[in-house]
Amino acid sequence: MSMPRIIRRTGLLAGALVASGLLSLALLAQQGPVASSYGPTNQTQTFAQIKAERLAVKAERAKAHTDLLNSRYDLAIKTGPNKMSGGKAVPVGPTAKLAGATWDQLDKMTPAQIKEKGLFPYKPLPFPDHAEGGMLFPEMTIKPLPRLVRFDLDFDLPEAVLPDAAPAIYLTTRPDLGDVAKGRLITLSNYYEIFNGILNPKQLEGLRLLLTQFPQQQFNATEDRRTDRNDGMLGVTCFDCHVNGHTNRATHLVGDIRPQEFRHRINTPSLRGVNIQRLFGSQRALKTVEDFTEFEQRAAYFDGDICMAAKKGINVLERGSQVHFMAEFMALLDFPPASKLNIYGELDPAKATPSELRGEALFNGKAQCGRCHPAPYYTDNSMHNLQAERFYKQELVNGMMMAHDGPIKTFPLRGTKDSPPYLHDGRCFTLEDTVEYFNLVQQLHLTAQEKQELASFMRCL
Ligand code: HEC
Ligand code: HEC
């Protein structure tokens, strides 16, 4: 978010005056404290004033969001016997709360009926304070990295529906090593001793850059930062979100959409398997990891505001060496081993259970998942418009418009049990929730047993 909304709107009418800067300044002065409720920037105020305003609404915004989560989900998360690659228990769902209908009843209704009655369990998920936005990190990452604390906002989703705190790292170049991280959070302090001798010097330098802090909208030295710290420890690293090359599902608002209420909450994707992918970003479809690396730091880090990026100290990466080195390291990050899959990425009948095999048959048959998620990596490297808005009304909820998602990237399902919560905004907390979601979106009419089998198949991937 670049400017108070009133200025952006008036700017459309009086472009020339705004360009001269006079009108903006006059309006900014009139606008006063209201401005900050529409986004992160108001540099006519001091840090102390901005902080006081944010703290004044903190409890109220947090309560509104917690109430929303409690109305939509059962937050007492259950886990099953299955483990993520790093050892954390895989959460079991569905976690969505149904308001006045059972799953069976929903299954028999048309999209229009579900919309009319307001019964769709998986509407877009707002950011904890949607009008505010910015980068927000889960507790499990802030604990070892306290520089990521925001004074104005806390992460919202229960830790049980997040990935391993220090996920496993598998290298395409050294599968014989297995997990290289071994439960350690990779940081600037330990990467060299762990990776020296496994990576070449160019890849090591790429990894160093991925672990180095650079200024970002909320984490920098200016007045409207959202961290108390001003001690030279400012900025974020790529691996603050893509922890150990995987993800902690830290969240952010997509930089591309305006106005604020239409921006998607986004759920940090894993970097595992970027080497076999062809499109990057849930909706932008940038064509290379190199492009996305540049875009993250130049645009996403500053909410798509090029002036703020300049003011807050953007670190421009050099394409031929730095960007290339970072991308080369990212392209070494493999999916986790899947012992039940054969060389085609399909279940080996000698290793899989009957229920998992039935799940695979459903995946490729009745449920038609395989049309968009084909083996071996379970992505078609394309985007699809699932038209979930058939099921809900366009209305404002906690500062977010329940609007169309538009075309979204087909995320690969290899290693998917390691990556809750799911979808571009994290609205499905478990694999069981994604099955319920697609059962409605595709109008599949799956039985309860078929739903279980699909989920058990996806846990093998
Ligand atoms: C706030 C945490 C955060 C930080 C810090 C961050 N990213 Fe991301 N990253 C995301 C999110 C969220 C997305 C998904 C963007 C979207 O959906 O448009 C993403 C997407 C990506 C993708 C595309 C992945 C895909 O599957 O489409 C790449 C590559 C990437 N980031 C690399 C980087 C690099 C390199 C850096 C450091 C310069 C970085 N990221 C810093 C959160 C982060
Ligand atoms: C028409 C194409 C299409 C079909 C059919 C389809 N998917 Fe997807 N799938 C997608 C897209 C696109 C996304 C990303 C949606 C989003 O993020 O909003 C996705 C996301 C997912 C995710 C979340 C991945 C992640 O990392 O967040 C899971 C799990 C999933 N699909 C499972 C299934 C299952 C199971 C089926 C069949 C019952 C299925 N899909 C059918 C296109 C499809």
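Keep in mind the model is a prediction, meaning the values are calculated, not measured.

About the thresholds
Residues numbered from 1 in each chain as written. Chains lettered and ligands numbered in written order. Predicted model: local features only at pLDDT ≥ 70, side-chain atom pairs only at ≥ 80, totals over all residues. Helix = DSSP H or I, 4+ residues; strand = E, 2+ residues; numbered from the N terminus. Buried ≥ 20, exposed ≤ 12 C-beta atoms within 10 Å, placed from the backbone. Contact = placed C-beta atoms within 7 Å. Near = placed C-beta within 6 Å. Nonpolar A, V, L, I, M, F, W, Y, C, P; charged D, E, K, R; others polar. Core = buried A, V, L, I, M, F, W, Y, C linked by C-beta atoms within 7 Å. Axes fitted to C-alpha atoms, helices over the stretch in contact; angles between N-to-C directions. Parallel < 35°, antiparallel > 145°, perpendicular 65-115°, else oblique. pLDDT = per-residue confidence, 0-100. Arc of directions from axis to C-beta. Pairing = 2+ DSSP bridges. Domains from an automatic or database assignment. Left-handed = near helix turned anticlockwise from the far one by under 90°.

(A) Representation of the overall build of the protein chain within the structure. Along the backbone of the protein chain there are 15 helices and eight strands. Its C-alpha atoms give the protein chain principal-axis dimensions of about 70 × 60 × 35 Å. The buried share among the 461 residues of the protein chain stands at 44%. The contacts of the protein chain with a sequence gap of at least 6 include a subset with a gap of at least 24, amounting to 68%.

(B) Layout of the site of ligand 1. Cys-238, Cys-241, Phe-280, Gly-281 and Ser-282 are the nearest of the 27 residues found near ligand 1. Among the elements that take part in the shell around ligand 1, helix 10 (residues 289-298) stands out by supplying five residues, more than any other. Partitioning the shell around ligand 1 into residue classes produces 14 nonpolar, nine polar and four charged.

(C) The arrangement of unusual backbone geometry in detail. Between Gly-93 and the following residue, Pro-94, the backbone shows a cis peptide bond with an omega angle of 0°. Counting through the fold element by element, Pro-94 comes out in the loop between strand 2 (89-92) and helix 5 (103-108). A cis amide bond, omega -10°, links Pro-420 with the succeeding residue Pro-421. In this structure, Pro-421 sits in the loop between strand 8 (408-409) and helix 14 (431-441). Residue Leu-423 is not a glycine yet carries a positive backbone phi of 75°. Considering the arrangement of structural elements, one finds Leu-423 in the loop between strand 8 and helix 14. Overall, Leu-423 belongs to the buried group, with 21 C-beta atoms counted inside 10 Å.

(D) View of the environment of Arg-229. Note on placement: Arg-229 falls in the loop between helix 9 (201-210) and strand 3 (251-253). Exposure remark for Arg-229: the 15 C-beta atoms within 10 Å place this residue in the partly exposed category. Here the alpha-carbon distance between Arg-229 and Val-149, two residues 80 residues apart in the chain, equals 9.1 Å. Dropping the residues within four chain positions of it, Arg-229 is found in contact with Arg-147 and Leu-234.

(E) View of the environment of Asp-380. Inspection of the secondary structure assignment puts Asp-380 in the loop between helix 13 (354-364) and strand 5 (383-384). Once residues lying within four places of it in the same chain are set aside, the contact partners of Asp-380 are Cys-372, Pro-374 and Thr-410.

(F) Highlighting the nonpolar core. Counting 44 residues, the largest nonpolar core has Leu-136, Phe-137, Phe-363, Ala-367, Cys-428, Leu-454 and Met-458 as the members making the most contacts within it. Looking at this core, the elements that each hand over two or more residues are helix 13, helix 14 and helix 15 (448-458). Per element, the largest residue contribution to this core is five residues, and it comes from helix 14. Not counting residues within four places of it along the chain, the set of residues in contact with Met-458 comprises Leu-413, Thr-416, Lys-417 and Leu-431. Of all hydrophobic cores here, the second largest spans 28 residues; its members include Leu-209, Leu-271, Phe-329 and Ala-331.

(G) Here's a closer look at the packing of helix 13 against helix 15. Running from N to C, helix 13 and helix 15 point in directions that differ by 95°, and their axes come no closer than 7 Å. The angle between helix 13 and helix 15 places the two elements in the roughly perpendicular class. Contact with helix 13, carried on its side by Ser-355, Glu-356, Arg-358, Gly-359, Glu-360, Leu-362 and Phe-363, involves Glu-450, Glu-453, Leu-454, Ser-456 and Phe-457 of helix 15 and no other residues of that element. Grouping the amino acids of the contact of helix 13 with helix 15 by side-chain chemistry returns four nonpolar, three polar and five charged.

(H) Broad picture of the confidence of the model for the protein chain. Residues of the protein chain with pLDDT of at least 70 account for 91%, and the chain-wide mean is 91. Low pLDDT (under 50) marks residues 1-38, which in the prediction has 41 contacts with non-local residues, meaning those over four places away or in another chain.

(I) Fine view of the environment of Gln-443. Mapped onto the elements of the fold, Gln-443 is located in the loop between helix 14 and helix 15. Separated by 332 residues in sequence, Gln-443 and Pro-111 have C-alpha atoms that sit 8.7 Å apart.

(J) Seen up close, helix 10. Restricting attention to buried positions, one finds in helix 10 the residues Val-289, Glu-290, Phe-292, Thr-293, Glu-296 and Gln-297. The buried residues of helix 10 all sit within an arc of 165° when viewed along its axis, so they share a single face.

(K) Spotlight on the pairing of strand 2. In terms of strand pairing, strand 1 (residues 78-83) meets strand 2 through three bridges, oriented antiparallel. Among the inter-strand pairings, Lys-83 is bridged to a residue of strand 2, identified as Ala-89. Hairpin connection from strand 1 to strand 2: five residues lie between these consecutive antiparallel strands, with Gly-87 at a positive phi of about 110°.

(L) Main features of the domain arrangement of the protein chain. Its domain assignment divides the protein chain into domain 1 (8-38) and domain 2 (49-458). Distance from the C-alpha centre of domain 1 to the C-alpha centre of domain 2: 35 Å.

(M) Geometry of the packing of helix 10 against helix 12 (residues 319-330). The interhelical angle for the contact between helix 10 and helix 12, taken along N-to-C directions, is 110°, at an axis separation of 9 Å. By the angle between their axes, helix 10 is roughly perpendicular relative to helix 12. For the pair helix 10 and helix 12, the crossing hand works out as right-handed. Mapping the contact onto sequence places Val-289, Glu-290, Thr-293 and Glu-294 in helix 10 and Arg-319, Val-323, His-324, Met-326, Ala-327 and Met-330 in helix 12.

(N) The arrangement of helix 15 in detail. For helix 15, the full list of buried residues reads Lys-451, Glu-453, Leu-454, Ala-455, Ser-456, Phe-457 and Met-458. Buried residues belonging to helix 15 abut helix 13 and helix 14.

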